[in-house]
Amino acid sequence: MDTAPSAHPLPTTALPVGNRRRVATAAALASAVEWYDYFVFGIAAALVLGDLYFPSGSPTAGVLASFATFAVGFLARPLGGIVAGQLGDKRGRKPMLVLALTLMGVATTGIGLLPTYDTIGVAAPILLVAFRVMQGIAVGAQWGGAMLMATEYAPEGKRGVYGSFVQLGVPIGVVTANTVFLLAGAFTTDSAFAAWGWRVPFLVGLFVLALAWYIHTRVEETPEFREAEKALAEKEKGEQSSPLRTILRGHLGTVLLAGGSFAVNTATFYIIITGVLDYTTRELGMKKSAVLTVSLCISLTQLILIPAAAALSDKIGRIRIYAVGAAGIALWAVPLFLLIDTGSLLWLAVGTFVASCFLSIMYGPQAALFAELFTPEMRYTGASLGYQIAAVCGGGLAPFVMVLLLEATGTSMAVSGYIIVLAVIALASIKVLAGRARSR
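Residues numbered from 1 in each chain as written. Predicted model: local features only at pLDDT ≥ 70, side-chain atom pairs only at ≥ 80, totals over all residues. Heavy atoms only, no water.

1. Comments concerning the overall build of the chain
In step 1: Helices and strands together make up the secondary structure of the chain, namely 19 helices and zero strands.
In step 2: The burial tally for the chain puts 59% of its 440 residues in the buried class.
In step 3: Contacts in the chain between residues far apart in sequence, at least 24 positions, make up 87% of those at least 6 positions apart.
In step 4: Summed over its atoms, the accessible surface of the chain is roughly 16,300 Å², and 68% of this surface lies on carbon and sulfur atoms. (Helix = DSSP H or I, 4+ residues; strand = E, 2+ residues; numbered from the N terminus. Buried < 20%, exposed > 50% of the residue type's maximum accessible area, 1.4 Å probe, protein only. Contact = heavy atoms within 4.5 Å. Areas by Shrake-Rupley, 256 points an atom, 1.4 Å probe, with all protein chains shown as cover.)

Shown next, in the form of structure tokens:
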């Protein structure tokens, strides 16, 4: 398998170290607060939203409706990626990142203030879905902007590491979301948590607006986009295709391969942090606070593993590291649920920890890998589409599919089979991407 990082390595730009660090920090913070806002919905969907916004006689039906709303956010993510990609490739990375942060802050705060079904009837689930769609558009727009702000400022030989700063937003978001939910549960009774305690994590989302303002006023556009902007200005004198049209006409296969390579990662991740939370508390009778604590601790380990995998990819190649992670997920899919089904907190921790190691091995180099698949004038659009296609096909549907498989088969091995199928697709996609890199 090819060890070359990609077909389109990013050029080196001489920049002050202080500028690089400020931009990398801002991109990492942007990613962290966006994912925090996004993940609090997934936790709330597993714990309370079904009863509050989709009342029915069946707990399973309520959870399915809640997870379906969770999935709607993923269906909206490609729209955010397309719109922000088009504008980001033409007008700049920074404006789209600021817009994404603002939209996420408004949507998350809106959910925290939204009345329940008992108060305003059917309008409650409709508005909940609308806010979730806004969250999906925002995170679809955010990832490409934050990722390119980091990788296009990165020095030679460290683009994997710089890209991983944005990827760290995911475990940071999980840790902070779980921590806030644990604190909300610890300082309220069960009835108070259901009445208002669950809203507190959503209202924390207001801080994202302050970060949007900081990036708008203190962070400069990437030098690589400024170079691409000059080329675009020349093309505008003649006939110029939009970045999306260029992608669809000449690079759609690369986008689909990128999505196929990553779907197993995002699906397994959401199964672990959301689907397993519902499964262990509702089916296995485990305590909510204990399962959330395990999820929090596992995410802390990813803060070390993700940049470590990214740094290794800078030395021996992105594709090789990426493939090792995908193969590990496939091999661990069955042991993962055998350990979870014991109902033991210890074995739950062991199973999810090993799974998270393989997820981190893939996720660390993924930002740099996707950025390097495309040239600067279409990079925002191409990388965002690849990522968000994986998010829809993998992550958004995964908790919903997990509940359906458990109900239909009565065994968690069906979920393991689902993960294995996605892993095989990932390995096949990675092999083709490696072959294309060798040919170039």
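Moving on from the model shown.
2. Structural notes on the packing of helix H13 (residues 252–283) against helix H16 (residues 345–372)
The geometry of a pair of packed helices is captured by two quantities: the angle between their axes and the separation between those axes.
In step 1: Between H13 and H16, whose axes approach to 10 Å, the crossing angle comes to 150°. The chirality of how H13 crosses H16 is left-handed. Facing H13, whose interface residues are Ala 258, Ser 261, Phe 262, Val 264, Asn 265, Thr 268, Phe 269, Ile 272, Val 276 and Thr 280, H16 presents Leu 348, Thr 352, Ala 355, Leu 359, Met 362, Tyr 363, Gln 366 and Phe 370.
In step 2: Along the lines of polarity and charge, the residues of the contact of H13 with H16 split into 12 nonpolar, six polar and no charged. (Axes fitted to C-alpha atoms, helices over the stretch in contact; angles between N-to-C directions. Left-handed = near helix turned anticlockwise from the far one by under 90°. Nonpolar A, V, L, I, M, F, W, Y, C, P; charged D, E, K, R; others polar.)

3. Some remarks on the nonpolar core
In step 1: Counting 129 residues, the largest nonpolar core has Phe 39, Trp 198 and Phe 370 as its most contacted members.
In step 2: With 18 residues, the top contributor of residues to this core is helix H1 (residues 17–53).
In step 3: The contact partners of Phe 39, leaving out residues within four places of it in the chain, are Val 170, Gly 173, Val 174, Ala 177, Phe 269, Tyr 270 and Ile 273. (Core = buried A, V, L, I, M, F, W, Y, C linked by side-chain atoms within 4.5 Å.)

4. A closer look at the side chain of Arg 132
In step 1: Mapped onto the elements, Arg 132 comes out in helix H5 (residues 123–151).
In step 2: Sequence-distant contacts of Arg 132, defined by excluding residues within four places in its chain, comprise Tyr 38, Phe 41, Thr 69, Phe 70, Gly 73 and Phe 74.

5. As for H5
In step 1: Here H5 spans 42 Å end to end across 29 residues, near enough to the 42 Å set by a 1.5 Å rise per residue.
In step 2: With 21 of 29 residues buried, H5 is to be regarded as a mostly interior element. (Expected span 1.5 Å × (residues − 1).)

6. So, a nonpolar patch on the surface
In step 1: A cluster of nonpolar side chains, contributed by Leu 79, Val 83 and Leu 87, occupies part of the molecular surface with about 240 Å² of accessible area.
In step 2: Judged by relative accessible area, which is 43%, Val 83 ranks as partly exposed. (Patch = residues over 30% accessible without salt bridge, like charges linked within 9 Å, V, L, I, M, F, W, Y side chains within 5 Å. Salt bridge = Lys/Arg side-chain N within 4 Å of Asp/Glu carboxyl O.)

7. Regarding the packing of aromatic side chains
We describe a pair of aromatic rings using the distance from one ring centre to the other and the angle between the two ring planes.
In step 1: A complete count under the given rule lists eight aromatic pairs for this structure.
In step 2: On the basis of an interplanar angle of 45° and a centroid distance of 5.4 Å, the ring pair of Tyr 162 and Phe 165 is categorised as tilted. Highlighted residues: Tyr 162 and Phe 165, both in helix H6 (residues 159–167), separated by three residues, approximately one helical turn.
In step 3: Here the aromatic cluster, defined as three or more aromatic residues joined through ring pairs, consists of Phe 262, Tyr 363, Phe 370 and Tyr 387. (Phe/Tyr/Trp six-rings, centres within 6.5 Å; stacked < 30°, edge-to-face > 60°.)

8. Some remarks on the pattern of salt bridges
In step 1: Summed over the entire model, instances satisfying the criterion amount to four salt bridges.
In step 2: A salt bridge links Arg 282 to Asp 278; the shortest N-O distance between them is 2.9 Å. With Arg 282 and Asp 278 both in helix H13 and four residues apart, the pair spans about one turn of that helix.
In step 3: By relative accessible area, Asp 278 is classed as buried at 3%.
In step 4: One connected set of salt bridges, linked through shared partners, spans Asp 278, Arg 282 and Glu 283.

9. What about the environment of Val 324?
In step 1: Mapped onto the fold, Val 324 is located in helix H15 (residues 318–340).
In step 2: In this structure, the C-alpha to C-alpha distance between Val 324 and Ile 361, residues 37 residues apart in sequence, is 7.4 Å.
In step 3: The residues touching Val 324, leaving out its near neighbours within four places in the chain, are Phe 358 and Ile 361.

10. Comments concerning H13
In step 1: Along H13, the sharpest change in direction is near 40° and occurs at Gly 275.
In step 2: With 26 of its 32 residues buried, H13 lies for the most part within the structure. (Bend = angle between axes of the 7 residues up to and from the residue.)

11. Thoughts on the confidence of the model for the chain
In step 1: Looking at the chain, pLDDT values average 82 and 88% of them are 70 or higher.
In step 2: Looking at the elements of the chain, mean pLDDT is at its lowest for helix H11 (residues 223–235), recorded as 56, and at its highest for H15, recorded as 95.
In step 3: In the model, residues 1–6 has pLDDT below 50 throughout and makes 22 contacts with residues more than four positions away in sequence or in other chains.
In step 4: Every residue in residues 9–15 is under pLDDT 50, and counting partners more than four places away or in other chains gives 19 contacts. (pLDDT = per-residue confidence, 0-100.)

12. Describing the packing of helix H14 (residues 288–316) against H15
In step 1: Here H14 crosses H15 at 135°, and the two axes come no closer than 7 Å. It follows that H14 is oblique to H15 by the angle criterion. Taken together, the residues of H15 that come into contact with H14 (itself represented by Ala 309, Ala 310, Leu 312, Ser 313, Asp 314 and Ile 316) are Arg 318, Arg 320 and Ile 321.
In step 2: When grouped by side-chain class, the residues that make up the contact of H14 with H15 number five nonpolar, one polar and three charged. (Parallel < 35°, antiparallel > 145°, perpendicular 65-115°, else oblique.)

13. Observations concerning the environment of Ile 425
In step 1: Structurally, Ile 425 can be placed in helix H19 (residues 413–439).
In step 2: Separated by 165 residues in the primary sequence, Ile 425 and Gly 260 place their C-alpha atoms 6.1 Å from one another.

14. A closer look at the side chain of Thr 109
In step 1: Note on placement: Thr 109 falls in helix H3 (residues 93–113).
In step 2: Given the relative accessible area of 11%, Thr 109 is considered buried.
In step 3: The residues contacting Thr 109, other than those within four sequence positions of it, are Phe 202, Leu 203, Gly 205 and Leu 206.

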